[in-house]
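Each chain, letter by letter, is given below.
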Amino acid sequence: MAAETPVRTLIAPAEMTRRTGRFLYRFVLVATLTGFTIAFVFPLYWMTTGAVKSSSELADPNLSLFPESWHPESYTDAWTNVGLGHFFLNTLVLALGAWLTQLLVDVSAAYALSKLRPLLGNVVLGMMLATLMLPVSALLVPTYLTVVDVPLFHVNLINTPFAIWLPAAANAFNIFILKRFFDQIPAELLDSARIDGAGTLRVLVSVVLPLSRPVLAVVSIFAVVGVWKDFLWPMLVLPDEAKQPITVALNRLSEFMPANQLLAGMVMASVPLLALFLVFQRHIIAGLTAGSLKG
């Protein structure tokens, strides 16, 4: 029987038997959790409580952690006065369309690179991953020129949802994640399906995708969050105010809105993403930790 590999930790297991070691372990654990909690939760708390403060209190240089007077009506005022519901609907349409196009393109590309193994597939994958090394600003101008005049079709996509959906369709990072997961699926499962008469598409739909639910959830989160929080690209390709998402609309309306209503709008724009994570967190964790298949 092979000897077990010793586990390396910050504090040696032998030290955990001593009072000093246990105290040091608890101190490091509590300090780390407290630091991460403050770093990630405090901005949300500040934004949420700032929305129920009065505008004069927000402008006061002596900042307070708790509101001196509560104004929860700022949420309803922000929703009704500037029509945030319309911009929420715009954002939802853009996010769902980008999610669908990303799944169609990225799953197909990852499946082809992983299981179909086309000629020069590794070269294609390497070229796609090389685009991750480029800053977004370097791709902004050529992408914009492509959207203004789509090659071959000569169609202008400005002020249409396709200006958001099509550039987001091929995501090199998502393709890489999907391919690595598909690589772990045993070839015997696919061969068995082919023996039963399943074609390439049927193997993908009936075998690969049901096994890939965790990683599909992760990719879906990335796709929706990426479009929901994007600001610069929608501002460039959607100059029509009626078609803008919530991020662009809040920036445009910020000079006309009271500070507390602006923060209330930011809170409402963040709620769907937080809810999405809370609902799918089990699938996200499963997708990030999946490393083997049972069967």
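All of these numbers come straight from a predicted model, not from anything done at the bench.

What counts, and at which threshold
Residues numbered from 1 in each chain as written. Predicted model: local features only at pLDDT ≥ 70, side-chain atom pairs only at ≥ 80, totals over all residues. Heavy atoms only, no water. Helix = DSSP H or I, 4+ residues; strand = E, 2+ residues; numbered from the N terminus. Buried < 20%, exposed > 50% of the residue type's maximum accessible area, 1.4 Å probe, protein only. Areas by Shrake-Rupley, 256 points an atom, 1.4 Å probe, with all protein chains shown as cover. Axes fitted to C-alpha atoms, helices over the stretch in contact; angles between N-to-C directions. Parallel < 35°, antiparallel > 145°, perpendicular 65-115°, else oblique. Contact = heavy atoms within 4.5 Å. Nonpolar A, V, L, I, M, F, W, Y, C, P; charged D, E, K, R; others polar. Salt bridge = Lys/Arg side-chain N within 4 Å of Asp/Glu carboxyl O. Core = buried A, V, L, I, M, F, W, Y, C linked by side-chain atoms within 4.5 Å. Patch = residues over 30% accessible without salt bridge, like charges linked within 9 Å, V, L, I, M, F, W, Y side chains within 5 Å. Phe/Tyr/Trp six-rings, centres within 6.5 Å; stacked < 30°, edge-to-face > 60°. Lys NZ or Arg CZ within 6 Å of the ring centre and 35° of its normal.

Notes on the overall build of the chain
Alright, step 1. Tallying secondary structure elements over the chain gives 14 helices and zero strands in all.
Alright, step 2. Secondary structure elements in the chain, listed N-terminal to C-terminal, are α-α-α-α-α-α-α-α-α-α-α-α-α-α.
Alright, step 3. Out of the 295 residues in the chain, the part that is buried amounts to 33%.
Alright, step 4. Of the roughly 18,600 Å² that the chain leaves accessible, carbon and sulfur atoms contribute 69%.

Considerations on the packing of helix α4 (residues 84-116) against helix α10 (residues 200-211)
Alright, step 1. Between α4 and α10, whose axes approach to 12 Å, the crossing angle comes to 100 degrees. Considering their axes alone, α4 and α10 lie roughly perpendicular with respect to each other. Residue-level inspection shows Val-107, Tyr-111 and Leu-116 of α4 in contact with α10, the latter providing Thr-200, Val-203, Leu-204, Val-208 and Leu-209.
Alright, step 2. Residues of the contact of α4 with α10, tallied by class, amount to seven nonpolar, one polar and no charged.

Focus on the side chain of Ser-74
Alright, step 1. Tracing the chain through its elements places Ser-74 in helix α3 (residues 73-81).
Alright, step 2. The exposure class assigned to Ser-74 is buried, which follows from its relative accessible area of 2%.
Alright, step 3. Residue contacts for Ser-74: discarding those within four places in its chain leaves Ala-51, Val-52, Asn-260, Gln-261 and Ala-264.

Concerning the pattern of salt bridges
Alright, step 1. Under the definition given, this model contains three salt bridges.
Alright, step 2. Between Asp-183 and Lys-179 there is a salt bridge whose closest N-O contact spans 3.0 Å. Separated by four residues within a single helix, Asp-183 and Lys-179 lie in helix α8 (residues 172-183), roughly one turn from each other.
Alright, step 3. For Lys-179, a relative accessible area of 11% corresponds to the buried category.
Alright, step 4. Between Glu-241 and Arg-252 there is a salt bridge; the shortest N-O distance is 3.4 Å. Taken as a pair, Glu-241 in the loop between α12 (232-237) and α13 (246-253) and Arg-252 in helix α13 lie far apart in primary sequence, 11 residues in all.

Overview of the environment of Val-105
Alright, step 1. Topologically, Val-105 is positioned in helix α4.
Alright, step 2. Using a relative accessible area of 36% as the deciding quantity, one classes Val-105 as partly exposed.
Alright, step 3. Considering only alpha carbons, one finds Val-105 and Asn-171, 66 residues apart in sequence, at a separation of 8.5 Å.
Alright, step 4. With sequence-adjacent residues up to four places away left out, Val-105 is seen in contact with Ala-169 and Ala-170.

Here's the deal with the packing of α8 against helix α11 (residues 213-228)
Alright, step 1. Between α8 and α11, whose axes approach to 10 Å, the crossing angle comes to 175 degrees. Regarding the angle of α8 to α11, the classification is roughly antiparallel. Between α8 and α11, the contacting residues are Phe-173, Asn-174, Ile-177, Leu-178 and Phe-181 on the first element and Val-215, Leu-216, Val-219 and Phe-222 on the second.
Alright, step 2. Here the contact of α8 with α11 is built from residues that sort into eight nonpolar, one polar and no charged.

Remarks on the nonpolar core
Alright, step 1. Core analysis: the largest hydrophobic core is formed by 37 residues, its most contacted members being Tyr-75, Leu-84, Phe-88, Ile-164, Val-237 and Ile-246.
Alright, step 2. Membership of the second largest hydrophobic core comes to 22 residues, among which are Ile-175, Ile-177, Phe-182 and Leu-204.

Considering a nonpolar patch on the surface
Alright, step 1. Judged by side-chain polarity, Leu-89, Leu-92, Val-93, Leu-96, Trp-99, Leu-100, Leu-104 and Val-105 come together as a nonpolar surface patch covering roughly 690 Å² of accessible area.
Alright, step 2. Within the fold, Leu-100 resides in helix α4.

What to know about the packing of aromatic side chains
Aromatic ring pairs: the centre-centre distance and the angle between the two ring planes describe each pair.
Alright, step 1. With the rule as written, the count across this model stands at eight aromatic pairs.
Alright, step 2. Pairing Phe-162 with Trp-165 gives two aromatic rings, centres 5.2 Å apart and planes at 75 degrees, and the pair type is edge-to-face. Of the two residues, Phe-162 and Trp-165 both sit in helix α7 (residues 162-169), three residues apart, roughly one turn of that helix.
Alright, step 3. Note on Trp-165: relative accessible area 16%, which makes it buried.
Alright, step 4. Ring centres 6.0 Å apart and planes at 45 degrees place the aromatic pair Phe-173 and Phe-222 in the tilted group. You can see Phe-173 sitting in helix α8 and its partner Phe-222 sitting in helix α11, a full 49 residues away along the chain.
Alright, step 5. A relative accessible area of 39% means that Phe-173 is categorised as partly exposed.
Alright, step 6. If you follow Lys-53 out to its NZ or CZ, it ends over the ring of Trp-46, 4.5 Å from the centre.

Shape is all these values report; function is a separate question.
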